[in-house]
Every structure is written in C-alpha cells, then in structure tokens.
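Fold and contact review
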Amino acid sequence: MPDFPPTAIDAPLILTLLLDEEAQQHFDRLRTAHFPPARNYLRAHVTLFHHLPGADYAALAQQLQAVAATTPPLLLRVAGVRFLGQGVAYSLENDQLRQLHRGLQTRWAATLRPQDLQPLRPHITVQNKVLPAVARSLHEQLSADFEPYDVTGTGLALWAYRGGPWEALAQFPFEGKG
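The rules we used
Residues numbered from 1 in each chain as written. Predicted model: local features only at pLDDT ≥ 70, side-chain atom pairs only at ≥ 80, totals over all residues. Heavy atoms only, no water. Salt bridge = Lys/Arg side-chain N within 4 Å of Asp/Glu carboxyl O. Buried < 20%, exposed > 50% of the residue type's maximum accessible area, 1.4 Å probe, protein only. Helix = DSSP H or I, 4+ residues; strand = E, 2+ residues; numbered from the N terminus. Contact = heavy atoms within 4.5 Å. Expected span 1.5 Å × (residues − 1). Arc of directions from axis to C-beta. Phe/Tyr/Trp six-rings, centres within 6.5 Å; stacked < 30°, edge-to-face > 60°. Axes fitted to C-alpha atoms, helices over the stretch in contact; angles between N-to-C directions. Parallel < 35°, antiparallel > 145°, perpendicular 65-115°, else oblique. Left-handed = near helix turned anticlockwise from the far one by under 90°. Nonpolar A, V, L, I, M, F, W, Y, C, P; charged D, E, K, R; others polar.

A few words now on the pattern of salt bridges. On inspection of all chains with the given rule, the structure shows six salt bridges. Between Glu93 and Arg98 there is a salt bridge; the shortest N-O distance is 3.0 Å. By relative accessible area, which is 19% here, Arg98 ends up buried. Members of the salt-bridge network, linked through shared partners, are Asp10, Arg162 and Glu167.

With that out of the way, let us pick up the environment of Pro12. Mapped onto the elements, Pro12 comes out in the segment before β1 (13–19). Each C-alpha atom, one on Pro12 and one on His101, is 18 Å from the other, the two residues being 89 residues apart in sequence. Leave out the neighbours within four places in its chain, and Pro12 touches His51, Leu52, Gly54, Trp159, Ala160 and Tyr161.

Bringing helix α2 (residues 57–70) into the picture now. The terminal C-alpha atoms of α2 lie 20 Å apart, and with 14 residues this matches the ideal 20 Å at 1.5 Å per residue to within 8%. Buried residues of α2: Tyr57, Leu60, Ala61, Leu64, Val67 and Ala68, and no others. In an axial view of α2, the angular spread of the buried residues amounts to 130 degrees, which keeps them on one side of the axis. Of the exposed residues in α2, the ones pointing more than 90 degrees away from its buried face are Gln62 and Thr70.

For the rest of this paragraph, the subject is the packing of aromatic side chains. One pass over the full model with this rule turns up five aromatic pairs. An angle of 65 degrees between the planes, with centres 5.2 Å apart, marks the rings of Phe49 and Trp108 as edge-to-face. Remark: Trp108 occurs in helix α3 (residues 95–108) and Phe49 occurs in strand β2 (residues 46–52); sequence separation between them is 59 residues. When its relative accessible area of 0% is taken as the criterion, Phe49 is described as buried.

The next subject is the packing of α2 against α3. Packed helices, taken two at a time, are described by the angle their axes make and the gap between the axes. Interhelical geometry of α2 versus α3 gives an angle of 150 degrees and a closest axis separation of 12 Å. Considering their axes alone, α2 and α3 lie roughly antiparallel with respect to each other. Note that α2 runs across α3; the crossing there is right-handed. Between α2 and α3, the contacting residues are Leu60, Gln63, Leu64 and Val67 on the first element and Leu100, Leu104, Arg107 and Trp108 on the second. Residue classes in the contact of α2 with α3 are distributed as six nonpolar, one polar and one charged.

Residue placement: Phe83 occurs in strand β3 (residues 74–83). As a C-alpha pair, Phe83 and Leu48 span 35 residues in sequence and 19 Å in three-dimensional space. Not counting the four nearest positions on each side in its chain, Phe83 is found in contact with Pro132, Ala135, Arg136 and His139.

Listed below in structure tokens is the structure:
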C-alpha cells in the first residue's frame, strides 16, 4: 500500500479509524455472522468522513500524517448497542476522537458534504440493510448481556470509494505519546 501516490485520486475518499487487531477481529466476526453476505464486502470499520475530495489526496494525506504523528493511541469505550432501524451498531465514546474529528472538520469545512459536517457519533456497524424485525431481534440479543468495555484506536486509514469494496490507499498510525 503506497504512502502517497504522486497524483490525485479519481474517486471520493473515506477516512476511517483503525482499531487494535483483537477488536478488529471481534467486530469482523460479528459482521460476518450478522451482515447480509451479499453486502458484506468490507471489514468492520469506524467511518470518520464519508466523502473527501480525491483531487485533494496528496494534501489530505500530508495533513493526516502530521495529525497522526502527534496523536497517541486512543482508548475507546464501547459504550452500548445501537438499533439502526435496519441494522445494529456498537456505539463508541472518546472525547479525544471527537476533538480530532472537529479539528479536521474545521480544516476541511469548505469541501465537506452535509453528512460530514455533522457531529461525530462513532460506531461500528455489525448488521445493516435487513428487515427491522431482524435488526430488532439482534439488538435485543446483543444488548441482553452487554457490558461496556475498551478497545484501542491505533491510527487513521484513507480509502478510495469506487462503488464497491473500498481501495486501501494509506494508513497513518498514531505515534504521539500519551
């Protein structure tokens, strides 16, 4: 995976938060078990921005590298199970992540779409695009014995969206001292 391709990307960009490997595997297993197989072509993820301009790739990547270099790994609280209507997600809490997101929103405000101008509500979707009754049943099942726990955000990842599976472009590990 190249750090910085020399040209702009001809697709919208998606920015996600990377998770520690144990958490990633846990949420991937849940997603595999509960996401409709025909629609499950992504690993579990925490989307921070849904549509960044691909033409700005080089500048965005440089900015993200600088941010990640000073950001320590983030201890995230998996705070609850959220019913999405046609799916289920785990809600995440971390004030530093919200601050990081607000800072990037401010920096990129002129190019953001309305969805990416909203306050961050970090979550990991483990089921989507199912009948509401199916989602409600899974929500009840996962909520029954849920207790909050912690996972670690380890960095940022930038992806190209080309209509199907995302194309991995670059990762920016958090290197700051906590």
